[in-house]
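Structural description and commentary
Below, each chain spelled out in residue letters.
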Amino acid sequence: QVRLQESGPGLVKPSQTLSLSCSASGGSITTNYYYWIWIRQTPGKGLEWMGAISYSGGTVYKPSLASRISISRDTSRNQFTLHMNSVTPEDTGVYYCAGRYFRQLPENWPTHPHEYKYWGQGTQVTVSS
């Protein structure tokens, strides 16, 4: 059983870059067919899938966010990291990391906790000057 834990700054200033890490314990993020996901909940858009990194390191992002986010991983630390630049107050919300087995890349990514095998506690991010 994998436990996921988000970490990062709770407060970020507009235009800055946000970096959030998700540390996994109890299982490897390189386990075959597992994908590791960032989802956020904002007042404006509710639960929103942001992007994912696969067990082999491939990434996919929500098109509307793709220009300013990236996901990387550090397999030695068993963690993956979200980077989002040019943040605005509309990026304020709770950010979750999650994981799930996918035999194939999904065309539509789940957005709710019950659709994932692993789901972190979430971390509040506030973008404010």
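These numbers come from a predicted model, not from an experiment.

For Ser 15, which is not a glycine, the phi torsion comes out positive at approximately 80°. For Ser 15, a relative accessible area of 60% translates into the label exposed. A positive phi angle, near 55°, is found at Asn 78, a position not held by glycine. One can find Asn 78 in the loop between strand S7 (69-74) and strand S8 (79-84).

Counted by the stated rule, this structure contains six salt bridges. The salt bridge involving Arg 40 is made with Glu 48; its shortest N-O contact spans 2.7 Å. Judged by relative accessible area, Arg 40 falls into the buried class, the value being 4%. Residue class for Glu 48 comes out buried when judged on its relative accessible area of 2%. Note that Asp 91 and Arg 40 form a salt bridge whose closest N and O atoms lie 2.8 Å from each other. With Asp 91 in the loop between S8 and strand S9 (93-101) and Arg 40 in strand S4 (residues 34-42), this residue pair connects regions lying 51 residues apart in the sequence. What makes Asp 91 buried here is its relative accessible area of 2%.

Now for the sheet that holds strand S1 (residues 3-7). With antiparallel pairing, four strands are arranged side by side in an open sheet as S1-S3-S8-S7. A single partner strand is all that each edge strand has here, and the edge strands are S1 and S7. Between one strand and the next, the sheet's axes are offset by a mean angle of 20°, whatever the strand orientation. By the bridge criterion, five bridges tie S1 to strand S3 (residues 18-25) in an arrangement that is antiparallel. Across the sheet, Ser 7 pairs through a bridge with Ser 21, a residue of S3.

Moving on, we get to the environment of Phe 80. Mapped onto the elements of the fold, Phe 80 is located in strand S8. Residue Phe 80 is classed as buried on the basis of its relative accessible area, which comes to 0%. Taking the C-alpha atoms as reference points, Phe 80 and Ser 56, 24 residues apart in sequence, are found 12 Å from one another.

Take Ser 64: it is sitting in the loop between strand S6 (59-61) and S7. Distance from Ser 64 to Ala 24, taken between C-alpha atoms, is 27 Å for residues 40 residues apart in sequence.

Here we take up the pairing of S4. With eight of its nine residues buried, S4 lies for the most part within the structure. Bridge analysis of S4 against S9 gives eight bridges, and the strand direction is antiparallel. Its bridge partner lying in S9, Arg 40 is registered against Tyr 95. Bridge analysis of S4 against strand S5 (residues 46-54) gives eight bridges, and the strand direction is antiparallel. Counted as the bridge partner of Tyr 35 is Ser 54 from S5.

Here is what the cut-offs are and how they apply
- Residues numbered from 1 in each chain as written.
- Predicted model: local features only at pLDDT ≥ 70, side-chain atom pairs only at ≥ 80, totals over all residues.
- Heavy atoms only, no water.
- Buried < 20%, exposed > 50% of the residue type's maximum accessible area, 1.4 Å probe, protein only.
- Helix = DSSP H or I, 4+ residues; strand = E, 2+ residues; numbered from the N terminus.
- Salt bridge = Lys/Arg side-chain N within 4 Å of Asp/Glu carboxyl O.
- Pairing = 2+ DSSP bridges.
- Axes fitted to C-alpha atoms, helices over the stretch in contact; angles between N-to-C directions.

Read these as spatial facts, not as claims about activity.
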